[in-house]
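# Descriptive analysis of the structure
Here is what each chain is made of, one letter per residue.
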Amino acid sequence: MNRKIKQVAVIGSGVMGSRIACHFANIGVHVLLLDIVPKELNESELKKGLTLDSVIFKNRIVNEALQTAIKSNPAPLYKAEFANRITTGNLNDDIGLIKNVDWIIEVVTERLDIKKAVFEKIEQYRTPGTLVTTNTSGIPIHQLIEGRSADFVSHFCGTHFFNPPRYLKLLELIPSEKTHPEVLAFLNDYGQKFLGKTTVLCKDTPAFIANRIGVYSIQALFHLVKEMGLRVEEVDKLTGPVLGRPKSATFRTCDVVGLDTLVHVANGVLNNCPNDERKSVFETPDFITRMLEKGTLGDKTKGGFYKKTKAEDGSSKILSLNLVTGEYEEQQKAKFATLEKTKTIEDLRSRIPVLYGGSDRAGEFYKKSFLNLFAYVSHRLPEISDEIYRIDDAMKAGFGWALGPFEYWEAIGIETVVRDANAMGVALAPWVHEMSKSGVTQFYQFKEGRKWCYDLESKSHKAVPASDRMIVLSQLPPESIVWQSKSVVVRHIGDGILTCSWSTKMNTIGSEVIQGLHKAMDIAERDYKGLVLYNESENFSAGANVGLIFMMAAEQDYEELDMAVRAFQNTSMRLRTCSVPVIAAPHGLVLGGGCELSMHCDRVVAHAELYMGLVEFGVGLIPGGGGTKEFALRCSDEMKEGDLRINTFRQRFLTVGQAKVSTSAYEAFDHGYLRKGIDEVVVCRELQLARAKEVALEMAEKGYVAPTPRKDITVLGNEGLGIVYVGANSMMSGNYISDHDRVISEKLGFAMAGGDLSQPRQVSEQFLLDLERKSFLELCVQKKSLERMQSLITTGKILRN
């Protein structure tokens, strides 16, 4: 069946329902958001003379919930105006509208009786064949469909979104025995391709996969912390980024989620999994019970494992909870010899064995916690899943782990874990010993362009479904590398397309990256069809190496600085004029120089979560790698005669002058960083590189001809400079900006307006690049710019190197 999703109905507008509605609106789907009618008029409604029949009254709950979601941080919408795609209503008057939708998602309160009553109502109005799913986090699916029609149950399953739906990638799919395979296949594909999710098929077991393993991991850690006498801040130091997990680590995460929520899930497993061999782990430790009794549940109660207070000098400080006394204390710096050993190990998979093998308390903690985790996940197969990779995918997408449990295990070594588990009396599942004795040393293999995973039933490795749709650089064979340096790797990803990726700190761009980009273009022009700029790390690029710029400026090495700026400009222009198509595939942070490089590529295939901007103003400079020139060029292409021309110039000037950063790829179009009708957005990060490769191939196959440097760029000269000078002086007079900010504004205006020309005229790209470089270098000698750069470097807000 060629199923299309044009309209979705979301029943229930609470925290999850309203945000699920927002995410569907993000991808262009029209949403009908419904909730119950209030029981009575409130004081405000009575004063307005509303009655129980007033639409405003009837839709109060749903409208207030949606507005709360829209105003929340982090924002659930890619752009605020996408809220226009959501229509609100109530379950009394508007339930009949669900006959027109393609998918109905129930997100009401987590009570079986209420959900079943909602399904009874849905069935009265639903069009046969319409998808129906529930966002339950734990109620058995088979109980929810009791009494429903054959068509209803065959099109029904669980769709467990994680909060916030825009940002957390996991979508668990929980079918019943009666769910039609076509429905499951469609939801699996749609969730990934359109919603950008990691879709994970789960069995209908308590807490499904992610919460079952994730809550076990936290509960086991609670017990281990008590056993070892570790402090809260020590545990968070040990279980955060060093393990490839979020900065919130363990206890900070508990504060965000809420201790009551965590215990609720744990109790659900405790009460509903009588055969779980580690059932006792889900029992609440005494220090958690005391916290529940005191009402210290986390952020929602202004105190949990951490508490924010005011110091005597008025500054804020964060205290940590002493788990023995129950009192808040000053945090102590956590130091472990094992962590010191790993400081220089950037690769996570190489770092894990060092952590596991530590001889201090940290090493003891890692060994005990990892062995307990590995034992637990080994026993969950095939209870909660038949496949190993689904457990890994769920933990990475739902809890933000960089590696799943079996991937951590493989990094340490399957044989090492089996040996240590036997020595310490930790019982691994029988299939593990059988697998180990057969000589299998890896859970995963990468071959034939696909990911393969060990399968318990066949006792062999099987291809992971749909893995051939993704291109994962780290999984490509060594022979795919056509050139590499210490920081830059150029790979052939098939069909004559190369990628160029770099791995500096925060993917900043220095001389080695510049050289690598030129080498990639040399090779591509000589032997290949196209080039894609792409990185697999968390961010595409935090920009140019400002620390290096500061060092050259501070040492007054202006000749060297001029050469560095020219080199960056030349690189940007070579990307523009390369004889093969060059595609940028950015994601995450794309700042400063990273933004400039992307803007000079033929096309940008951006991930939806794109935080893109020219932020040099904040460092005391202007964009000097072609960004100022490019904004002048794009401004010229947008300008029209008369007042609109000035408005266009002002808008583009303020984007750079205010260092605006997009909150999504869609907002990047509004800021002018992306081009409407040329650049595009991909919601699924795992499919981004494959799409960028397709675009490069499409351009090459059509007969690509490189653009020549432009000579027809209209600049406004003094007409543009006038509004810059007047605006900057006015802002300074009102104490909105400093005198140095005024200087930067005038230098930026000078470069964007084409200098002090007496009237508008057409100029070349090189003319603008020279002005850009001149203004950039003049700012580098400014004492205030140097002080600003030094301050940001000292405080760690920008990188030293």
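Computed from a predicted structure; not experimentally measured. As a convention, each chain's residues are numbered from 1 in the sequence order in which they are written. Whole-chain, interface and lining totals are the exception, using all residues; otherwise, since this is a predicted model, local features are given only for residues with pLDDT of at least 70 and side-chain atom pairs are given and counted only at 80 or more. Think of the side-chain values as coming from all heavy atoms in the structure, minus any hydrogens and water.

### Notes on the overall build of the protein chain
Helix and strand assignments come from DSSP, with helices taken as H or I runs of at least 4 residues and strands as E runs of at least 2, each series counted from the N terminus. Counting its secondary structure elements, the protein chain contains 32 helices and 25 strands. We compute the radius of gyration from the C-alpha atoms alone; for a globule the expected value is 2.2 Å times N to the 0.38, where N is the number of residues. Against the compact-globule benchmark of 28 Å for 801 residues, the protein chain has a radius of gyration of 29 Å, which places it among compact chains. Overall, the protein chain is about 80 × 75 × 65 Å in size when its C-alpha atoms are taken along their principal axes. In what follows, a contact means two residues having at least one pair of non-hydrogen atoms within 4.5 Å. In the protein chain, once contacts between residues fewer than 6 apart in sequence are set aside, the share between residues at least 24 apart is 69%. Each accessible area is a Shrake-Rupley result for a 1.4 Å probe, and residues are judged covered by the shown protein chains and nothing else. Working note: accessible area of the protein chain is about 34700 Å², and carbon and sulfur atoms make up 51% of it. In this charge count, Lys and Arg are treated as positive and Asp and Glu as negative; neither His nor the chain ends contribute. Taken as the charge location is NZ of Lys, CZ of Arg, CG of Asp or CD of Glu. A gap of 1 Å separates the mean positions of the 97 positive and 99 negative side-chain charges of the protein chain.

### Overview of the pairing of strand β1 (residues 7-11)
Throughout, exposure labels follow a simple rule: accessible area from a 1.4 Å probe, protein chains only, divided by the maximum for the residue type, with under 20% read as buried, over 50% as exposed, and the rest as partly exposed. Across the five residues that make up β1, a large majority, four, are buried. Two strands qualify as a pair provided that DSSP identifies no fewer than 2 bridges between them. In the sheet, β1 pairs with strand β2 (residues 30-35) via five bridges, with the strands oriented parallel. Note on β2: the bridge partner recorded for A9 is L32. Pairing of β1 with strand β4 (residues 103-106), which is carried by four bridges, proceeds in the parallel orientation. Its bridge partner being in β4, A9 is matched across the sheet by I104.

### Structural notes on the packing of aromatic side chains
Aromatic pairs are defined between Phe, Tyr and Trp rings, using the six-membered ring for Trp, whenever the two ring centres lie within 6.5 Å; interplanar angles under 30 degrees are classed as stacked, those over 60 as edge-to-face, and all others as tilted. Enumeration over the complete set of coordinates arrives at 31 aromatic pairs. Both rings, one in F82 and one in Y666, keep their centres 5.5 Å apart while their planes meet at 75°; by these two values the pair is edge-to-face. Of this pair, F82 sits in the loop between α4 (60-71) and β3 (86-90) while Y666 sits in helix α27 (residues 665-671); the two residues are 584 residues apart in sequence, bridging distant segments of the chain. Given a relative accessible area of 6%, F82 falls into the buried group. Clustering of aromatic rings is evident, with ring pairs tying together F365, Y366, F370, F374, W401, F406, Y408, W409, W431, F443 and Y454. Whether a charge lies above a ring is judged from NZ of Lys or CZ of Arg, which has to be within 6 Å of the ring centre and within 35 degrees of the ring normal. Directly above the aromatic system of F82 lies the positively charged group of R85, at a separation of 3.9 Å from the ring centroid.

### Focus on helix α9 (residues 210-228)
Take the residue count of a helix, subtract one, and multiply by 1.5 Å to get its expected span. With 19 residues, α9 extends 26 Å between its outermost C-alpha atoms, agreeing within 8% with the 27 Å of an ideal straight helix rising 1.5 Å per residue. In terms of burial, α9 is a largely internal element, 16 of the 19 residues being buried. At the exit of α9 stands G229, carrying a positive phi of roughly 70°.

### Some points on the nonpolar core
We call a set of buried residues a nonpolar core when its members are Ala, Val, Leu, Ile, Met, Phe, Trp, Tyr or Cys and they connect through side-chain atoms within 4.5 Å of each other. In terms of nonpolar packing, the biggest core is built from 114 residues, with I98, F251, F305, I352, Y366, I388 and W431 touching the most fellow members. A per-element tally of this core places α9 first, with eleven residues. Of all hydrophobic cores here, the second largest spans 72 residues; its members include V513, L575, L614 and L786.

### Considering the sheet that holds strand β5 (residues 131-134)
Reading across the sheet, the eight strands line up as β3-β2-β1-β4-β5-β6-β7-β8 and stay open at both edges, with mixed pairing between neighbours. Of all strands in the sheet, those with a lone pairing partner are β3 and β8 (198-201), marking the two edges. Each strand of the sheet is rotated relative to its neighbour by a mean of 25°, with strand direction disregarded. Packing of helix α5 (residues 112-125) onto the sheet brings it into contact with β1, β4, β5 and β6 (156-161), and relative to β4 it is tilted by some 160°. Here the axes come from fitting lines to C-alpha atoms, over the contacting stretch only for helices, and the angles between their N-to-C directions go from 0 to 180 degrees.

### Details of the sheet that holds strand β12 (residues 444-447)
Taken in spatial order, the three strands line up as β12-β13-β14 in an open sheet, and their pairing is antiparallel. Every other strand in the sheet has two partners, leaving β12 and β14 (460-463) as the edge strands with one partner each. Direction aside, the axes of adjacent strands within the sheet are offset by 35° on average. Bridging between strand β13 (residues 450-455) and β14 involves four bridges; their strand directions are antiparallel.

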